[in-house]
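Structure assessment
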Amino acid sequence: MSDEVTNNPAAPPFKRNKKKKKNARFLRNAKGFAKQGIFGRGTHIDDDQYNYFINILDTMKLGFEDVEEKVMMANNVFEQSKGIEVHLASNQIVCKVLESLCGFVEPAQLESYFQAFADNFRPICSDRFASHVLQKMVEIAFLRCVKNEKAKSAKLDEEDEDEAEHGPPSNKKTKMSQSVASEERYNLDTDFPEEHKQNCANFVLRVGKFMLNNLEDFVWDSCASHIMRTCILCLSGVHVPKVAFEKGGASMAQERKVYEVSEEFHEVAKEFAQRLEMWPQFPDFPYDEHSSALLSVLCVALKAIDKNMLKHFGKKILMEALLKVDENGDDKKIEILDDEEEQKAKEGESENTAEQSSVPTPKLPNVFLYQSSVRLLETLITVAGPKLLTQLYAMLFTSKLAILAKEHMTHFSVKKLLDNMKEKEDFENVFQELHEHTEELLKIGHTAIIYGLSSACLRLQTKQGQFISALQQALHVNADKEKMKSFFLCLIKLKPFEILQEDKSNFVHLHGSLIIQDILRFNKPIFLVNCILETSSEYLVSVFNTPNGSHICDAFLQSKFIGEKSREKLIKHLEGYYVDLAITKFGSRVVESCFAAALEPQKAKIVKELAEKSNMLKGSPFGKLVSAKLRVDTYRLSAEQWKASLKKKESKAQELFKDIIN
């Protein structure tokens, strides 16, 4: 099972396609091996059993008409495995089937699996196939034991809510897969008997306590580690779909939900942290893949159940593990010297001053040298409170930010730090260290750091003017007025002025678009506003027709620091191109945004332009939607009737929100 983190926001669609191909190849290979007499890895099953489960996989691949059909199949499969549950679960093919259908099985069938697995916990936890089934069973049992009224009011934790409220309006948010969502909703919404819910709660507790009692054996076990992590999250009331463990820490942070569970659950979850921090090996935990992931999960769990304990636990990780420096390093020893020795030492220091000044590179703690520890640090930054976050910044990042931002493995840690900073003073210090390196960061492609700076400038309302100046200097447009007019064009591609002259493509850089959106929401965005309005209409339309570029128009029209006259100018600037925008997927959004922001005379002009080419508009599925929403057909019949319907719609909206406005 991979814990690989994908930080590139453009990666998810490609990953999703890759997974489809992988699944298709898996089934094709499984059928091919069956002809050679090889019936899956793991335990041996006979020909008939193998063919039965291959047929089930084939059926699942085609999909189900409704949930009832899937429940029926799940019950049949689990009935067929009665008496040989553990033997079958230890086979590669059967494991895949059981894991997929586990969430839809009837209470009696699931409870029979509880008992069969409980009698064989130790071998199952270390089995590379059966362990997946057990991990899934713990997740399903947790969902079923949460009370319905609490489950339906499940909330994202406070940090996620804060991100949702103040975070950047990125269109690249990770979405939970439909199959995971339907499985979750089925188990939360189905009215299971109280006895079954209690049995599910007992099973989660039983597995959790078993993992706790065998902590020494399972911490570094690749299979048992995933079960342990699922148990800790469930015991703390945090639900993370099993697929998020495969995607890595970033998805785990985004897809978690917090539910209320009993205090007994919380106490067992806390005991994991209490026991682990007493181990002599604790300082080495961040530098091993499995123990590092376990600490990350404990931090996420403690965030939900005990923030004071999280502060203590996070500080212990910081002081005892993350601050470690290579043992072969030249650590200075403190010695008491007499006057003569002290004088000699001073003379030696003065002789070496030139050499020291020529090597200003500070020594990096071990945390930045290992991928597992870097991931743990990123999780810790995400869940840390203000005090712990300041300590992490001061002890690990101060005076090292420029080096870390340029390193491939650590620059996402700097981005995480920027995304989570809440103290204005701390950010101003970070900005001072980083803004001089803007051009170098752009050259090496670490554009996420620049976007992190723009987001923090917007969120904390500071250093906005200096940030724009640093960008202008990095893009080589600060020399004269003519070059400065190309600021918007350079930002779109995040390329300096000289290279931009040779680039004639319509490419829009994701981070470039997000930075422009942030600057448009700054307190004084007038310079960029003028650059956009001076850009040719044709080029603007080509930008707005892209997935990344279309959101620039939204930011322009919605920013509270851009005046009504500037908005009118942009809407007028696009006249003659509204049909070209309306017939494309992303451009149609821009037309709707412009129409919503326009005054009545401008709205009429937009609809008139669309009405003149209504046949072209209706030739596109996106154009049809725009036509229906803006009532283009009504305008073609009667402009006066269209105006009347528009006023009626506006007065109705005002009536609906009258109480709120008052």
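Residues numbered from 1 in each chain as written. Predicted model: local features only at pLDDT ≥ 70, side-chain atom pairs only at ≥ 80, totals over all residues. Heavy atoms only, no water.

1. With respect to the overall build of the chain
Convention followed: Secondary structure follows DSSP: runs of H or I at least 4 residues long count as helices, runs of E at least 2 residues long count as strands, and numbering of each begins at the N terminus. Here the term buried applies to any residue with accessible area under 20% of the maximum for its type, exposed to any over 50%, and partly exposed to those in between, with areas from a 1.4 Å probe on protein chains only. Here, residues are in contact when the closest pair of their heavy atoms is within 4.5 Å. Computed by Shrake-Rupley with a 1.4 Å probe, the accessible areas treat only the displayed protein chains as cover when residues are assessed.
Of the regular secondary structure elements, the chain holds 45 helices and two strands. Relative to its full complement of 662 residues, the chain shows a buried share of 49%. Across the chain, contacts joining residues at least 24 apart in sequence account for 73% of those joining residues at least 6 apart. Accessible surface for the chain amounts to roughly 32,900 Å². Of this, 51% is attributable to carbon and sulfur atoms.

2. Side note on empty space enclosed by the protein
The condition is simple: Cavities and pockets were defined on a 1 Å grid built from protein atoms only: a cavity is a group of points that admits a 1.4 Å probe but offers it no way out, a pocket is an open group of points flanked by protein on both sides within 12 Å along at least five of seven lines, and a lining residue is one with an atom within 4 Å of any such point. Grid points are joined across faces, edges and corners, and a volume is the space filled by probe spheres set on the points. Residues are grouped as follows: Ala, Val, Leu, Ile, Met, Phe, Trp, Tyr, Cys and Pro are nonpolar; Asp, Glu, Lys and Arg are charged; all remaining types, including Gly, are polar.
Summed over the entire model, instances satisfying the criterion amount to three cavities of 30 Å³ or more. Counted as a void, the largest cavity has a volume near 40 Å³. Per-element accounting of the lining of the largest cavity gives the leading share, three residues, to helix 23 (residues 386-397). A breakdown of the residues in the lining of the largest cavity according to their chemical character gives three nonpolar, one polar and three charged.

3. Considerations on the state of the cysteines
What counts is decided by this rule: The definition used for a disulfide is geometric: two cysteine sulfur atoms within 2.5 Å.
The final tally for this structure, using the stated rule, is zero disulfides. You can see cysteine 102 has no disulfide; the closest cysteine sulfur is in cysteine 200, sitting 9.6 Å from it. A relative accessible area of 1% means that cysteine 102 is categorised as buried. You can see cysteine 145 has no disulfide; the closest cysteine sulfur is in cysteine 200, sitting 6.6 Å from it.

4. Remarks on the nonpolar core
To be explicit about the condition: Here, the term nonpolar core denotes a set of buried Ala, Val, Leu, Ile, Met, Phe, Trp, Tyr and Cys residues that are joined through side-chain atoms within 4.5 Å.
In this structure, Met211, Phe397 and Leu610 are the most contacted members of the largest nonpolar core, which totals 194 residues. Those residues in contact with phenylalanine 397 that sit more than four places away from it in its chain are Phe368, Leu377, Ile381, Leu392, Leu404, Ser413, Val414, Leu417 and Glu433.

5. Let's talk about the environment of glutamine 281
As for its position among the elements, glutamine 281 is in the loop between helix 17 (263-276) and helix 18 (289-305). For the pair glutamine 281 and alanine 321, spaced 40 residues apart in the sequence, the C-alpha separation amounts to 9.8 Å.

6. Topic: helix 2 (residues 47-62)
The condition that has to hold: Expected span of a helix: the number of residues minus one, times 1.5 Å. To be clear, the arc concerns the directions from the helix axis to the C-beta atoms. Identification of polar contacts relies on pairs of N or O atoms within 3.5 Å, with a donor-acceptor requirement for protein atoms, meaning one able to donate a hydrogen and the other able to accept it, and with residues adjacent in sequence counted only if both atoms are side-chain atoms.
Here helix 2 is 16 residues long and its end C-alpha atoms lie 23 Å apart, about the 22 Å a rise of 1.5 Å per residue gives. Burial in helix 2 covers these residues: Tyr50, Phe53, Ile54, Ile56, Leu57 and Met60. With its buried residues spanning 155° around the axis, helix 2 presents them on a single face. Set apart from the buried face of helix 2 by more than 90 degrees, the exposed residues are Asp48 and Leu62. One side-chain oxygen at the N-terminal end of helix 2 lies 3.2 Å from the backbone nitrogen of aspartate 48; it belongs to aspartate 46. Positive phi shows up at glycine 63, right after helix 2, with a value of about 95°.

7. With respect to the packing of aromatic side chains
Stated formally: Centres within 6.5 Å are what make two rings of Phe, Tyr or Trp a pair, Trp counting through its six-membered ring; a difference in plane orientation under 30 degrees is then read as stacked, over 60 as edge-to-face, and the rest as tilted. Two limits define a charge over a ring: the Lys NZ or Arg CZ must be within 6 Å of the ring centre, and within 35 degrees of the ring normal.
Within this structure, the stated rule accounts for 22 aromatic pairs. Among the aromatic side chains, those forming a connected cluster through ring pairs are Phe114, Phe121, Phe203, Phe210 and Phe218. In this structure, lysine 603 is placed above the aromatic ring of phenylalanine 595, and the distance from its NZ or CZ to the ring centre is 5.2 Å.

8. Description of unusual backbone geometry
The phi dihedral of glutamine 461 is positive, around 55°, even though this residue is not glycine. Using a relative accessible area of 37% as the deciding quantity, one classes glutamine 461 as partly exposed. Located in the positive-phi region is lysine 463, a residue other than glycine, with phi close to 60°. Assignment of secondary structure puts lysine 463 in the loop between helix 28 (447-460) and helix 29 (464-474).

9. What to know about the side chain of threonine 462
You can see threonine 462 is positioned in the loop between helix 28 and helix 29. Residues contacting threonine 462, with those up to four places away along its chain left out, are Lys424, Phe427, Glu428 and Cys457.

10. Digging into the UniProt feature "repeat: Pumilio" (unreviewed entry) in the chain
Going by this rule: UniProt positions are given in the numbering used here, feature names are shortened, and annotations may be inferred rather than shown by experiment.
The feature "repeat: Pumilio" (unreviewed entry), as given by UniProt, occupies residues 573-608 in the numbering adopted here. Strand forms 0% of residues 573-608 and helix 78%; the C-alpha atoms that close the span are 16 Å apart.

11. Focus: the side chain of glutamate 183
Within the element layout of this structure, glutamate 183 appears in helix 11 (residues 178-189). Overall, glutamate 183 belongs to the buried group, its relative accessible area being 7%. Within the local environment of glutamate 183, its side chain forms a polar contact with the side chain of lysine 136, the two groups lying 2.8 Å apart. When residues no more than four places from it in sequence are discounted, the contact partners of glutamate 183 are Ser100, Gly103, Phe104, Lys136, Glu139 and Ile140.

12. Notes on a negative patch on the surface
As a reminder of what qualifies: Within the patch definition used here, like charges are joined within 9 Å and nonpolar side chains (Val, Leu, Ile, Met, Phe, Trp, Tyr) within 5 Å, considering only residues with over 30% relative accessible area and no salt bridge. The salt bridge criterion pairs a side-chain nitrogen of Lys or Arg with a carboxyl oxygen of Asp or Glu, the two atoms within 4 Å. We treat Lys and Arg as the positive residues and Asp and Glu as the negative residues; His and chain ends play no part in the count. Here the site of a charge means atom NZ of a Lys, CZ of an Arg, CG of an Asp or CD of a Glu.
A contiguous patch of negative charge on the surface is contributed by Glu65, Asp66, Glu68 and Glu69. The exposed category is assigned to glutamate 68, whose relative accessible area is 56%.

13. Regarding the packing of helix 26 (residues 424-434) against helix 28
To keep things clear, this is the line we draw: Angles shown run from 0 to 180 degrees and are taken between the N-to-C directions of axes, each axis being a line fitted to C-alpha atoms and, for helices, limited to the stretch in contact. Handedness of a crossing follows from how the near helix is turned relative to the far one, being left-handed for an anticlockwise turn of less than a right angle and right-handed for a clockwise one.
Two elements in contact, helix 26 and helix 28, have axes whose closest approach is 11 Å; the angle formed by their N-to-C orientations is 145°. As for how helix 26 packs across helix 28, the hand of that crossing is left-handed. For the pair formed by helix 26 and helix 28, the contact residues are Lys424, Phe427, Phe431 and Leu434 on the first element and Ile449, Leu453, Ala456, Cys457 and Leu460 on the second. Class assignment of the residues belonging to the contact of helix 26 with helix 28 gives a composition of eight nonpolar, no polar and one charged.

14. As for helix 23
The end-to-end C-alpha distance of helix 23 is 15 Å, a good match for the 16 Å that twelve residues give at a rise of 1.5 Å each. Among all positions in helix 23, only Leu388, Leu389, Gln391, Leu392, Tyr393, Leu396 and Phe397 are buried. Lining the buried residues of helix 23 we find helix 19 (307-322), helix 22 (371-383), helix 24 (401-406), helix 25 (411-420) and helix 26. Looking one or two residues beyond helix 23, the residue adopting positive phi is serine 399, at roughly 70°.

15. Some remarks on the pattern of salt bridges
Counted by the stated rule, this structure contains 19 salt bridges. Here glutamate 194 and lysine 197 are joined by a salt bridge, their closest N and O atoms 3.7 Å apart. Of the two residues, glutamate 194 and lysine 197 are both situated in helix 12 (residues 194-213); the distance of three residues between them amounts to about one turn of the helix. Two residues, lysine 270 and glutamate 267, come together in a salt bridge whose shortest N-O distance is 3.8 Å. Remark: glutamate 267 and lysine 270 occur in helix 17; sequence separation between them is three residues, near one turn of the helix. Each of Lys136, Glu139 and Glu183 takes part in salt bridges that share partners, so that together they form one network.

16. A short note on the confidence of the model for the chain
For clarity, the cut-off: pLDDT runs from 0 to 100 and stands for how confident the predictor is about each residue.
Residue-level pLDDT values for the chain average 82, and 79% of them are 70 or greater. Segment residues 1-22: pLDDT under 50, and 36 contacts once partners within four positions in sequence are set aside and those in other chains are kept. Confidence drops under pLDDT 50 across residues 328-346; counting only partners more than four residues distant or on other chains, this segment forms four contacts.

17. Some remarks on the packing of helix 14 (residues 222-235) against helix 17
When two helices pack together, their arrangement is captured by the angle between the axes and the distance separating the axes. Our working definition: The cut-offs work like this: below 35 degrees is roughly parallel, past 145 is roughly antiparallel, 65 to 115 is roughly perpendicular, and the gaps in between are oblique.
Between helix 14 and helix 17, whose axes approach to 8 Å, the crossing angle comes to 135°. Regarding the angle of helix 14 to helix 17, the classification is oblique. In this structure, the crossing between helix 14 and helix 17 has a hand that is left-handed. Mapping the contact onto sequence places Met228, Ile232, Cys234 and Leu235 in helix 14 and Phe265, His266, Val268, Ala269 and Phe272 in helix 17. Split by residue class, the contact of helix 14 with helix 17 holds eight nonpolar, one polar and no charged.

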